[in-house]
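# Residue-level structural notes
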Protein chains: 2
Amino acid sequence: MDCNDPALQSWVASANDPACDFPVQNLPYGRFRRAGDPDWCIGVAIGEQVLDLRRAGLIDSSDMNRLIRLAPPARQALRETISQGLREGSDQRAKFQAALVPQADVELGLPCQIGDYTDFYVGIHHALAVGKQFRPDAPLLPNYKWVPIGYHGRASTINASGSSFHRPRGQTKAPDAAEPAVTASARLDFELELGILIGRPNSQGAPIAIDDAEQHVFGITLFNDWSARDLQGWEYQPLGPFLSKNFASTVSPWMVTLEALEPFRKPWTRPEGDPRPLPYLDSQSNSERGAIDIGLEVWLQTARMAQAGHAGDCISRSNFADAAYWTVAQLVAHHTINGCALASGDLFGSGTLSGPEPQQAGSLLELSVGGKQSLQLSNGETRTFLQDGDSIILRGFCQRAGARRIGFGECRGTVLPAHPEA
Amino acid sequence: MDCNDPALQSWVASANDPACDFPVQNLPYGRFRRAGDPDWCIGVAIGEQVLDLRRAGLIDSSDMNRLIRLAPPARQALRETISQGLREGSDQRAKFQAALVPQADVELGLPCQIGDYTDFYVGIHHALAVGKQFRPDAPLLPNYKWVPIGYHGRASTINASGSSFHRPRGQTKAPDAAEPAVTASARLDFELELGILIGRPNSQGAPIAIDDAEQHVFGITLFNDWSARDLQGWEYQPLGPFLSKNFASTVSPWMVTLEALEPFRKPWTRPEGDPRPLPYLDSQSNSERGAIDIGLEVWLQTARMAQAGHAGDCISRSNFADAAYWTVAQLVAHHTINGCALASGDLFGSGTLSGPEPQQAGSLLELSVGGKQSLQLSNGETRTFLQDGDSIILRGFCQRAGARRIGFGECRGTVLPAHPEA
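Residues numbered from 1 in each chain as written. Chains lettered and ligands numbered in written order. Predicted model: local features only at pLDDT ≥ 70, side-chain atom pairs only at ≥ 80, totals over all residues. Heavy atoms only, no water.

So, about the overall build of chain A. A count of helical and extended segments in chain A gives 11 helices and 26 strands. Computed over its C-alpha atoms, the radius of gyration of chain A comes to 21 Å, within 12% of the 22 Å expected for a compact globule of 422 residues. Considering only C-alpha atoms, chain A reaches an extent of 75 × 55 × 40 Å along its principal axes. Counting only residues that meet the buried cut, chain A has 63% of its 422 residues in that class. Approximately 14900 Å² of chain A is accessible, and the part contributed by carbon and sulfur atoms is 49%. (Helix = DSSP H or I, 4+ residues; strand = E, 2+ residues; numbered from the N terminus. Rg over C-alpha atoms; globule rule 2.2 N^0.38 Å. Buried < 20%, exposed > 50% of the residue type's maximum accessible area, 1.4 Å probe, protein only. Areas by Shrake-Rupley, 256 points an atom, 1.4 Å probe, with all protein chains shown as cover.)

What follows deals with the environment of Gly-30 of chain B. Within the secondary structure, Gly-30 of chain B is located in strand β1 (residues 29-34). Apart from residues no more than four positions distant in its own chain, Gly-30 of chain B is found in contact with Cys-41, Ile-42, Gly-43, Met-64, Pro-253 and Trp-254 of chain B. (Contact = heavy atoms within 4.5 Å.)

Let us look at the relation of the copies chain B and chain A. With an RMSD of 0.0 Å, the fit of chain B onto chain A corresponds to turning through 180° and sliding 0.0 Å along the axis. Taken together, the rotation and translation describe the operation of a two-fold axis. No C-alpha of chain B approaches the rotation axis more nearly than that of Gly-240 of chain B, which lies at 2.2 Å. An overlap of 98% is found between the interface residues of chain B and their copies at the interface of chain A, pointing to a shared contact surface. (Least-squares fit on C-alpha atoms with pLDDT ≥ 70 in both.)

Across the boundary between the two partners, chain B contributes 65 residues, which contact 64 residues of chain A. When chain B packs against chain A, the two sides together hide about 5600 Å² of surface, and 62% of this comes from carbon and sulfur. Of all residues in chain B, Arg-154, Leu-239 and Phe-242 of chain B give up the largest surface area on contact with chain A, accounting jointly for 14% of the area buried on that side. On the surface where chain B and chain A come into contact, there are four salt bridges. (Buried area = accessible area lost by both parts, 1.4 Å probe. Salt bridge = Lys/Arg side-chain N within 4 Å of Asp/Glu carboxyl O.)

This next bit is on the sheet that holds strand β20 (residues 295-301) of chain B. All names here are of chain B. The strand order across the open sheet built from five strands is β9-β26-β25-β20-β21, with neighbouring strands paired in mixed fashion. For this open sheet the edge positions go to β9 (163-166) and β21 (313-319), each flanked by a neighbour on one side alone. Strand-to-strand twist across the sheet, computed as the mean angle between neighbouring axes with direction ignored, equals 20°. Pairing geometry for β20 and strand β25 (residues 391-398), over seven bridges, is antiparallel. In the strand pairing of β25, Gln-301 is matched with Ser-391. (Pairing = 2+ DSSP bridges. Axes fitted to C-alpha atoms, helices over the stretch in contact; angles between N-to-C directions.)

For the rest of this paragraph, the subject is the packing of aromatic side chains. All names here are of chain A. Enumeration over the complete set of coordinates arrives at 20 aromatic pairs over all chains. Seen in terms of ring centroids, Phe-165 and Phe-247 are 5.7 Å apart; in terms of plane orientation they differ by 45°. Their pairing is tilted. A residue pair is termed long-range when its members are at least 10 positions apart, and Phe-165 in strand β9 (residues 163-166) and Phe-247 in the loop between α5 (229-235) and β16 (249-251) qualify at 82 residues. Judged by relative accessible area, Phe-165 falls into the buried class, the value being 4%. (Phe/Tyr/Trp six-rings, centres within 6.5 Å; stacked < 30°, edge-to-face > 60°.)

This part takes up the sheet that holds strand β26 (residues 406-416) of chain A. Residue and element names in this part refer to chain A. Strand order in this open sheet of five strands is β9-β26-β25-β20-β21, and the pairing throughout is mixed. In the strand order of this sheet, the two ends are held by β9 and β21 (313-319), each with one partner. Within this sheet the neighbouring strands show an average axis-to-axis angle of 20°, counted without direction. Inspection of the sheet shows strand β20 (residues 295-301) paired to β21 by six bridges, in the antiparallel sense. Across the sheet, the residue bridging to Glu-297 is Arg-317, located in β21.

Glancing now at the pattern of salt bridges. If you walk through the whole model with that rule in mind, you get 44 salt bridges over all chains. In this structure, the salt-bridge partner of Arg-154 of chain B is Asp-116 of chain A, at a minimum N-O distance of 3.5 Å. Of this pair, Arg-154 of chain B sits in the loop between β7 (150-153) and β8 (158-160) while Asp-116 of chain A sits in the loop between β5 (106-108) and β6 (117-120), placing the two residues on different chains. Residue classification places Arg-154 of chain B among the buried residues on the basis of a relative accessible area of 2%. For Asp-282 of chain A, the salt bridge identified is with Arg-276 of chain A, shortest N-O distance 2.5 Å. Judged by its relative accessible area of 16%, Asp-282 of chain A falls in the buried class.

Averaged over every residue, the pLDDT of chain A is 97; the share at 70 or more is 99%. The ipTM, which scores confidence in the relative placement of chains, is 0.96 for this predicted complex, and the corresponding pTM is 0.97. (pLDDT = per-residue confidence, 0-100.)

On to the domain arrangement of chain A, then. All names here are of chain A. Segmentation of chain A into domains returns domain 1 (13-108) and domain 2 (117-416). Centre-to-centre, using C-alpha coordinates, domain 1 lies 27 Å away from domain 2. The partner domain 2 presents 24 residues to the 32 residues of domain 1 that form the contact. Summed over both sides, the interface of domain 1 with domain 2 buries roughly 2300 Å², with 57% coming from carbon and sulfur. Our count for the domain 1 to domain 2 interface comes out at two salt bridges. (Domains from an automatic or database assignment.)

A word on helix α10 (residues 328-336) of chain A. Note that an α-helix has 3.6 residues per turn; residues three or four places apart therefore point the same way. Burial analysis of α10 of chain A places nine of its nine residues in the buried class, the great majority of the element. All of the buried residues in α10 of chain A are Val-328, Ala-329, Gln-330, Leu-331, Val-332, Ala-333, His-334, His-335 and Thr-336 of chain A.

Residue and element names in this part refer to chain A. Looking only at helix α4 (residues 124-134), the buried set comprises Ile-124, His-126, Ala-127, Val-130 and Gly-131. Looking down the long axis of α4, one finds its buried residues gathered within 145° of arc, a one-sided arrangement. Tucked into the core, α4 has its buried residues touching α9 (320-323) and α11 (364-367). (Arc of directions from axis to C-beta.)

On to the environment of Gly-409 of chain A. All names here are of chain A. You can see Gly-409 is positioned in strand β26. For the pair Gly-409 and Pro-28, spaced 381 residues apart in the sequence, the C-alpha separation amounts to 9.8 Å. Aside from chain neighbours lying at most four places away, what touches Gly-409 is Asp-21, Phe-22, Leu-222, Leu-394, Arg-395 and Gly-396.

All names here are of chain B. Positionally, Gly-195 belongs in strand β13 (residues 192-198). The buried category is assigned to Gly-195, whose relative accessible area is 0%. Spatially, the C-alpha atoms of Gly-195 and Thr-221 are 4.8 Å apart, while their sequence positions differ by 26 residues. Sequence-distant contacts of Gly-195, that is, excluding residues within four places in its chain, are made with Gly-219, Ile-220, Thr-221, Leu-222, Phe-223, Leu-347 and Phe-348.

Cis rather than trans, the peptide bond between Gln-237 of chain A and Pro-238 of chain A has omega equal to 5°. Structurally, Pro-238 of chain A is set in the loop between α5 and β16. With phi around 60°, Leu-27 of chain B is a residue other than glycine that occupies positive phi space. Relative to the elements of secondary structure, Leu-27 of chain B occurs in the segment before β1. One non-glycine residue with positive phi stands out, namely Val-369 of chain B, at about 50°. Following the sequence through the fold, Val-369 of chain B ends up in the loop between α11 (364-367) and β23 (375-376).

Moving on: the state of the cysteines. What the rule picks out here adds up to zero disulfides over all chains. Cysteine Cys-3 of chain A is unpaired, with the sulfur of Cys-398 of chain A as its nearest cysteine sulfur at 16 Å. (Disulfide = S-S within 2.5 Å.)

What follows concerns the pairing of strand β14 (residues 217-224) of chain B. Residue and element names in this part refer to chain B. Among the eight residues of β14, eight are classified as buried, and the element is accordingly described as predominantly covered. In terms of strand pairing, β13 meets β14 through seven bridges, oriented antiparallel. Each residue of the ladder has a partner; that of Glu-193, found in β14, is Phe-223. Across two bridges, β14 lies against strand β17 (residues 256-257) in antiparallel orientation. Bridge pairing in β17 links Gly-219 to Thr-257. By the bridge criterion, two bridges tie β14 to strand β16 (residues 249-251) in an arrangement that is antiparallel. Bridge assignment links Phe-223 to a residue of β16, and that residue is Val-251.

And the structure:
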């Protein structure tokens, strides 16, 4: 039986709940550690449990960056073995049972050691909305529909879900001020993104063809690229955002594999009249199945909500397939057309995945129209940008008739007050 | 006797040649390996030799990223021990002698494992000259004299000196073309930079004060940030250069320590009328000694020159202190003002270090005035941008009356023809 068959049930009861993110059809990979243990283990999420792959006798290394480098046949064989062992009726149940640990009892870390981090800009509705605010005369630049725009980011400040970070300080300049000043950011924002984890590397000087591109991708996570809009506006020309982004990013713990996402592939199309991609970004397979239908949600939980035991408000809903102008395969092909070498554990941020409607925006910059319109929250609070103590929780899931729901878990981060001055 | 005392001589005869880059006053750190050995060793250059620190009994690990993390007192003690042992008359001579290997017999690698790579833009003469070509109406943007402009680069394609790389392909768009096309870059360039290697890390959320900044810097190398100007012009807005830079960079093997550069510190000043830096970028110590007097040279050796045994032409001469608008300490303080975490082995590129005169430019974009004026080479060839088979060799050295000359060795890279299409 195919690992994605919706009829499959697991002997791990919590995995069979239809609302569960981690049914036996999902089997996402992540790193966890038990209390008091300094070392990370490799696990697969199943229901409310984690399967410790080493304890289950399935791998002999705790190096996730080695595991994600597996060639696709070996990767698929491992998925098949895990799936078989966790299915109802498996003869491996006793062995696997002994390797289970409740997710609630472990710390979930970064999914792997992150190498280079590239942030793309595939959200065309986001690019248009932000472009209007930063460059009213030219919101979408002439290269946007030709070049999958991307830039390099900072890997050392990518944090695991559940982390908090200090509100950044930095240079800002008010439009009417003669000179800049150092302030704590007053326009702190989130960005709703997906994280694309590279599994198999390529050699420097050896571009990856679009139809080979997905062989190099291991899986997908949620990703929040926190942004200080006031720092960004003053610093970003001519070489792009820097300190406005590199103080913190947050990634969710579970890498959902392309194999698990298979039932949610969609044709990739462009609006009538938009240019056809250049040949290295164009293929029949990419057009037929390049997109992925992933529903996305942003939740805001203020400090007051947290104190009251309130899980937060959903402030935006979007979908990867509607938001993205480029596919995952196109990003890989573009990143390597010049011979750039990708390594196992490299992370691509998708860029902010705003849907076409204003309420589907993936940042407060858009939701508050540049800080001009307050969001009304369910407990009477309001927000334009983030306040100290606010948490942002990203969620993602795939669902359609005839397939089991595949979830991404959550990507959570909390804003602390600005650090003391140096 | 102080390790920088110009009167010090070494029992390694080649180190006493006044033209030598590596006298006993220098002692730069690098990684090397012997033929057939897959593992890198830590060495210190002395004359034409390398001292294998492990064989000399001075360290017990081959992990350079651990060594560069040493606290300054331990780092200085190690420098003192190495200096004592290599001096004329040392009682350690026999032990050290057994740990020497000729540089000509080993492969020199990357000086350490590079973490995150940030490229700055401190060369104000470069910023002005390039700004005139990309944005004639606004060559120097309003933030330049306030913000030490920087952006993130790609670590995975930073190559050791001596490497060659394929000319990149990518999207370019001629000014009169209706649409872009994929071509091999026809405007391939070098950038004369220094590389600044971070030794001691800081924690996320903990900015580094300007007067503590140099405690976090281990040493300085030469650095060539190869650039494809035609790719750059089409892709760089709005998020900065990406594929036009990340196909290859080259770093020299030897990290010259701040201790060795001590005799070449200079006051840091700004032209009359320029703004005083914001407080986090300003200190008495930075003003009194923030600059470093490092002479720089760019040599071009064409394939035809190499065949004829011709070492190449010097096509530019510049100086770090004249070219840089910001100091090393200011870059560290700026990079962390927002709480960004630096790690051991992070590399800062200085940005292109063009001097104030046209012939002191640190790129062909400047030397050829955007490709409009050919350089005449001594063998009758001409260049606007780089041709296949061209090598660029960067050299650097400090010299002044009353101090021994301190050299950086060389940073060499060679252009191969474009890779086959994917």
